[in-house]
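Coordinate analysis (summary)
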Amino acid sequence: MSIGILIFLGVLVIAFAALKVGDVFSPWFLTAAIWFGILFLFLFDDMLDPLGQQFYTSLTIWVPIFCVSSLLTYYALPALPQRTEKATSIDINKGIFNVLFYLSLVMTPFYLYRIMQTIMLFDSADMLYNLRIMAIYGDENFGILNYTYVINMSLLAVGIWHYPKIPLWKLLAIYFICSLSAFAIMEKGMIFFFLAATVFVLYEKKVIKVRSIAIGAVAIVVLFFFINNAREQSELSDEDSATFLDFFAMYILSPSVAYERVSEDLSGQFGSNTFYTVYLFLNRFGGNFELHTKLQDYVWVPIPTNVYTIFQPFFQDFGQKGVAFFAFLYGALSGWVYRLFRNGSAYGKCIYIFIAYVLILQFFQDNLILSTVMALQFFFFVWLMTQDKIHIHAYKE
């Protein structure tokens, strides 16, 4: 079965490329290419347990439905002619952009300082590990400072598209504060976001080609390997330190194997995994619903992992029918945003960065529905910086 699915995905990738249906960052190409790459790598893996029927069934449901729904949505929506001068940059609301930019320049270092104050109460030798533990289990509320992470993501998405209409120093400052945000919670997600966003925009601006993307992908994996070792070295002895192959298997391949350990939720609470954010808010307003922890249980495959691909929450709550429904939903949303992007919408160009980021990581976990609050905040801040209804004239470039 695996060879048949691999051939099918390979044919899809070749067909999309040969017929020039979108580009390498179109939602259908990304989805087919990501899963083709994962299955291809499994041909050379002898460390992990074999892939199972549950995974293959979900994959054969997800890819066709996603690709068809994204293509239908994209081509059903009207295409607008794109002006040449708008192809490599966007117009933004500079007043709001600068307000958020200078606000973040103050908030981000202060946010890191507040976190470090708490971390230094513990053993400083384990600082990096404690940063991550606090991000996962901590319940500290830093008020408005909690928005620095998503504001920085929004500034980056808007800033790299708007460049070179903003000074280079300002764009570099955004990269710096994004790095501080990532360090504050020892989160690889922010680093991957700004690396993926940079590669995406440079490709769309025709600065780099597909070969550069492949080289960049290898560099990102190697970078994450060193970040992961730095984060965990205080907890591991030299003998236990992960090798590169261990890391590669754990973060790239193990989620697909671990998905076989996922079973349907029999608690009776509707969509308790998929709609975690909804139940979280209901509980804050007096509800009494079951909530899952941020950190999921580990399984051994035979290495330990606690991520289960994008399929996991949908299968747990609704079985394979849930995988089919959310494949359609994801595809339709991705196709719509991709049409906005291709029509030259400044808002569409910026939020498609987030959609592409989610699709690239679909082999790992869901980063949209399970992160609904952050996604909505990102869409809101990007909208503020790309709309023309509110004007702030106090600042001149």
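What this report covers is the structure whose coordinates are included nearby. (Residues numbered from 1 in each chain as written. Predicted model: local features only at pLDDT ≥ 70, side-chain atom pairs only at ≥ 80, totals over all residues. Heavy atoms only, no water.)

Some details on the environment of Thr-309
Operational definition: Helix and strand definitions here come from DSSP, where helices need a minimum of 4 consecutive H or I residues and strands a minimum of 2 consecutive E residues; each element is numbered from the N-terminal end. A 1.4 Å probe rolled over the protein chains alone gives each residue an accessible area, and that area as a share of the maximum for its type sets the label: buried under 20%, exposed over 50%, partly exposed in between. A contact between two residues is defined here by any heavy atoms of the two lying within 4.5 Å.
With respect to the helices, strands and loops of the structure, Thr-309 is situated in the loop between β2 (304-305) and α12 (312-342). Overall, the relative accessible area of 0% leaves Thr-309 in the buried class. Once the C-alpha coordinates of Thr-309 and Pro-255 are considered, the two residues, 54 residues apart in sequence, prove to be 5.4 Å apart. Beyond its immediate stretch of four places on either side in the chain, Thr-309 contacts Trp-35, Pro-255, Ser-256, Tyr-259, Gln-362, Phe-363, Phe-364, Gln-365 and Asp-366.

Some words on a nonpolar patch on the surface
To keep things clear, this is the line we draw: For patch detection, residues must exceed 30% relative accessible area and be free of salt bridges, and they are connected within 9 Å for like charges or within 5 Å for nonpolar side chains (Val, Leu, Ile, Met, Phe, Trp, Tyr). For the accessible areas, the method is Shrake-Rupley and the probe is 1.4 Å, while residue cover comes only from the protein chains on display. A side-chain nitrogen of Lys or Arg and a carboxyl oxygen of Asp or Glu constitute a salt bridge if their distance falls within 4 Å.
A cluster of nonpolar side chains, namely Ile-3, Ile-7, Val-11, Phe-40, Leu-43 and Phe-44, defines an oily patch on the protein surface of about 610 Å² accessible area. Take Ile-7: it is sitting in helix α1 (residues 2-18). Residue Ile-7 is classed as exposed on the basis of its relative accessible area of 53%.

Quick notes on the packing of aromatic side chains
To be explicit about the condition: Geometry of aromatic contacts follows a simple scheme: Phe, Tyr and Trp rings, the Trp one being its six-membered ring, pair when their centres are within 6.5 Å, and the pair is stacked under 30 degrees between planes, edge-to-face over 60, tilted otherwise. By definition here, charges over rings are those cases where NZ of Lys or CZ of Arg is within 6 Å of the ring centre and within 35 degrees of the ring normal.
Overall, the coordinates contain 48 aromatic pairs when judged by the stated rule. Note on Tyr-338 and Tyr-352: the rings are 5.2 Å apart at their centroids and 50 degrees apart in plane angle, and the pair reads as tilted. Here the residue Tyr-338 occupies a position in helix α12, and Tyr-352 occupies one in helix α13 (residues 346-360), the gap between them amounting to 14 residues. For Tyr-338, a relative accessible area of 0% translates into the label buried. The side chain of Lys-170 reaches across the aromatic face of Phe-101, ending 5.4 Å from its centre.

Some thoughts on the nonpolar core
This is how the line gets drawn: The nonpolar core is taken to be a set of buried Ala, Val, Leu, Ile, Met, Phe, Trp, Tyr and Cys residues, with the residues joined through side-chain atoms within 4.5 Å.
Counting residues in hydrophobic clusters, the biggest one holds 124 residues, and the most contacted among them are Trp-35, Trp-62, Tyr-330, Phe-354 and Phe-378. In this view, Trp-35 contacts Leu-9, Phe-55, Leu-59, Trp-62, Val-63, Ser-256, Thr-309, Phe-311, Gln-362 and Phe-363; residues no more than four positions away in its chain are not counted.

Some details on the packing of α1 against helix α2 (residues 27-42)
Our working definition: In this analysis, axes come from line fits to C-alpha atoms, helices being fitted only over the stretch in contact, and the angle between any two N-to-C directions falls in the range 0 to 180 degrees. Handedness of a helix crossing follows the sense of rotation of the near helix relative to the far helix, less than a right angle counterclockwise being left-handed and clockwise being right-handed.
Taken N-terminus to C-terminus, the directions of α1 and α2 make an angle of 145 degrees; their axes are 9 Å apart at the nearest point. The way α1 lies across α2 gives a crossing that is left-handed. Listed contacts from α2 to Ser-2, Ile-5, Leu-6, Leu-9, Gly-10, Leu-12, Val-13, Phe-16 and Ala-17 of α1 are Trp-28, Phe-29, Ala-32, Ala-33, Trp-35, Phe-36, Leu-39 and Phe-40.

Focus: the pattern of salt bridges
Counted according to the given criterion, the structure contains 4 salt bridges. The closest approach of N and O atoms between Asp-49 and Arg-261, which form a salt bridge, is 2.6 Å. Of this pair, Asp-49 sits in the loop between α2 and α3 (53-76) while Arg-261 is found in the loop between α10 (244-258) and α11 (276-284), placing the two residues 212 residues apart along the sequence. Asp-91 serves as the salt-bridge partner of Lys-165, at 2.9 Å between the closest nitrogen and oxygen. A residue pair is termed long-range when its members are at least 10 positions apart, and Lys-165 in the loop between α6 (148-162) and α7 (168-185) and Asp-91 in the loop between α3 and α4 (94-119) qualify at 74 residues. Given a relative accessible area of 38%, Lys-165 falls into the partly exposed group. Since its relative accessible area comes to 40%, Asp-91 is described here as partly exposed. Bridged by salt links that share partners, the residues Asp-23, Glu-204 and Arg-342 form one connected network.

Any link to function would need more than the numbers given here.
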